[in-house]
Amino acid sequence: PEQDPVVEDELYLRKHLGRERGHRKTKFFRSELCWAKRFDDQLGRLVWWPGMVSDFETRSLKSKSKTTYTVKFFALDENAEIHETEILPFMPHYEGIGHKR
């Protein structure tokens, strides 16, 4: 049975609101749109690229925990493990990153 698109949108928005209020254990959730840094061979440097989070893993190292996200990059046949410091939410950064292309 297919889920109602309105219900799906509401669930998606609740996940975003939960993150903004500090109720989430990870910064991003599965299926969330994001910007992630990837190495561009043509430019020879890291660039922000749009993608979607497909999975995440948190590991405890001594007294700190480290989260990495698996990101599927749009328009590329490429997935990558991205450290939590190299990923940003899509919409809040669309104006600054997305319009530069």
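Residues numbered from 1 in each chain as written. Predicted model: local features only at pLDDT ≥ 70, side-chain atom pairs only at ≥ 80, totals over all residues. Heavy atoms only, no water.

A word on the pattern of salt bridges. Tallied over the full model, the rule gives four salt bridges. Between D55 and R30 there is a salt bridge, with its nearest N and O atoms 2.8 Å apart. With D55 in strand 2 (residues 45-61) and R30 in the loop between helix 1 (5-20) and strand 1 (33-40), this pair connects stretches of sequence that are 25 residues apart. Looking at D55, the relative accessible area reads 32%, which means it is partly exposed. (Salt bridge = Lys/Arg side-chain N within 4 Å of Asp/Glu carboxyl O. Helix = DSSP H or I, 4+ residues; strand = E, 2+ residues; numbered from the N terminus. Buried < 20%, exposed > 50% of the residue type's maximum accessible area, 1.4 Å probe, protein only.)

Another aspect to go through is the sheet that holds strand 1. Pairing in this open sheet of five strands is antiparallel, and the strands run 4-3-2-1-5 from one edge to the other. Of all the strands in the sheet, just strand 4 (79-83) and strand 5 (87-89) have a single pairing partner and so form its edges. Pairs of neighbouring strands in the sheet enclose a mean axial angle of 45°, with direction left out of account. With three bridges joining them, strand 1 and strand 5 adopt antiparallel strand pairing. By the bridge assignment for strand 5, W35 is matched with L88. (Pairing = 2+ DSSP bridges. Axes fitted to C-alpha atoms, helices over the stretch in contact; angles between N-to-C directions.)

A few words on the pairing of strand 4. With five bridges connecting them, strand 3 (residues 64-73) and strand 4 associate as antiparallel partners. Counted as the bridge partner of K72 is N79 from strand 4. What sits between the antiparallel neighbours strand 3 and strand 4 is a turn of five residues, in which A75 has the positive phi angle 65°.

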